[in-house]
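Spelled out, the chains give:
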Amino acid sequence: MLEPCVNQAAGLQALALQHAPRLVAVASHGLQTGELPLLWGLCTCWVELGLSVLVLDAHAQESVDNPGLAQWLDNPLQHAGDAAPAPSWQVLPAATGLHRLHDWRAFQNQLAHLFQQRDIVLIYTNAATLVRLLAGSALPPLIVVPPALSTVVSAYATLKHLLRGQLHPSIANIVPIALASGTTTRSASHLAQCANAFLGYRVQPITVAASSQPLQSRDDLHHLALQLFENALPLEPVQRSERVH
């Protein structure tokens, strides 16, 4: 069952070798306990496919004892073009650093050189920051919807904010392993109904089985990881003569 994924992964690895780092975004809506397991699962899948991953975590604050994106921006020459091989998976605190970037052009120009050794750069932050940084890009952020109905309100608010910022997100529908095989949870169903009724936006959730046994949800995770990589944006400097639409 995994053979198509393996074949597709070979093509993605070749793509990663030929192009700039590719940017993926996960839109947090206040329930990290439901988001983090999926995020770490995606990173694990990419690493298993031979891709290096850097996570910019806006929920973590940089400090002297815990340096992150802000320090990288302050001393770019210390990190850009480093001859040492990049770790296969690294998480950088990024709350201050992301706050200092103002738009898509700044994001590309300042981060493309810093992360040129990475295959995937994943930004994990709230909808407001994503709209500020990604407006003018075609990147579809991912919204994670756990089974709990209490997540619908925050997920809907995030979806609405992203749509107003002209970003069209995808939805990960997290289901218990016993309800897998394309099942839509009540929370994802309610979100889809509200999005269609009040925002005129049709949601087609991507089902991901939640299990304490990683192998049981591996197919769903691989499918989502490959899809996110295919939809990711190359992180390249914007030339002055170019216009960002």
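Residues numbered from 1 in each chain as written. Predicted model: local features only at pLDDT ≥ 70, side-chain atom pairs only at ≥ 80, totals over all residues. Heavy atoms only, no water.

Caption draft 1: Highlighting the environment of leucine 134. Examined against the element boundaries, leucine 134 turns out to sit in helix H7 (residues 127-134). Relative accessible area serves as the criterion here: at 0%, leucine 134 is assigned to the buried category. Between the C-alpha atom of leucine 134 and that of tryptophan 104, which follows or precedes it by 30 residues, the distance is 5.1 Å. For leucine 134, the residues in contact, after removing those within four places along its chain, are Leu23, Ala25, Trp104, Leu139 and Leu167. (Helix = DSSP H or I, 4+ residues; strand = E, 2+ residues; numbered from the N terminus. Buried < 20%, exposed > 50% of the residue type's maximum accessible area, 1.4 Å probe, protein only. Contact = heavy atoms within 4.5 Å.)

Caption draft 2: Just the packing of aromatic side chains, in detail. Applying the stated criterion across every chain, the model contains 3 aromatic pairs. Relative to tryptophan 89, the ring of tryptophan 40 has its centre 5.7 Å away and its plane inclined at 50°; by these criteria the two rings are tilted. One end of the pair, tryptophan 40, is in helix H2 (residues 32-48); the other, tryptophan 89, is in strand S3 (residues 89-93), with 49 residues separating them in the sequence. Between the aromatic rings of tryptophan 72 and phenylalanine 115, the centroid separation amounts to 5.4 Å while the plane-to-plane angle is 45°, which identifies the pairing as tilted. (Phe/Tyr/Trp six-rings, centres within 6.5 Å; stacked < 30°, edge-to-face > 60°.)

Caption draft 3: Geometry of helix H9 (residues 186-199). Here H9 spans 19 Å end to end across 14 residues, near enough to the 20 Å set by a 1.5 Å rise per residue. Those residues of H9 that sit buried are Ser187, Ala188, Leu191, Ala192 and Ala195. End-on, the buried residues of H9 take up no more than an arc of 135°, which puts them together on one face. Facing away from the buried side of H9, by more than 90 degrees, are the exposed residues Arg186, Asn196, Ala197 and Phe198. Where H9 is buried, its residues meet strand S5 (142-145), helix H8 (152-164) and strand S6 (170-176). Taken from the residues just after H9, glycine 200 is the one with a positive phi, measuring 65°. (Expected span 1.5 Å × (residues − 1). Arc of directions from axis to C-beta.)

Caption draft 4: Geometry of the side chain of glutamate 35. By the element assignment, glutamate 35 lies in helix H2. Of the side chains with opposite charge, arginine 132 comes closest to the buried, unpaired glutamate 35, at an N-O distance of 16 Å. A polar contact is formed between the side chain of glutamate 35 and the side chain of serine 28, at a distance of 3.0 Å. Beyond its immediate stretch of four places on either side in the chain, glutamate 35 contacts Ala27, Ser28, His29, Gly30, Tyr124 and Val144. (Lys, Arg positive; Asp, Glu negative; His and termini not counted. Salt bridge = Lys/Arg side-chain N within 4 Å of Asp/Glu carboxyl O. Polar contact = N/O pair within 3.5 Å; in protein donor to acceptor, adjacent residues only side chain to side chain.)

Caption draft 5: Spatial organisation of the pairing of strand S1 (residues 22-28). Of all 7 residues in S1, 7 are buried, a share of seventy percent or more. A two-sided burial pattern is seen for S1, the buried positions comprising Arg22, Val24, Val26 and Ser28 on one face and Leu23, Ala25 and Ala27 on the other. Both S1 and strand S4 (residues 120-126) contribute to a ladder of 7 bridges, which runs parallel. When the bridges of S4 are listed, leucine 23 appears paired with valine 121. Across 2 bridges, the pairing between S1 and strand S8 (residues 233-234) is antiparallel. For leucine 23, the partnering residue across the bridge sits in S8 and is leucine 233. Summarising the sheet, S1 and S5 pair through 2 bridges and their orientation is parallel. Along S5, the bridge assignment pairs valine 26 with leucine 142. (Pairing = 2+ DSSP bridges.)

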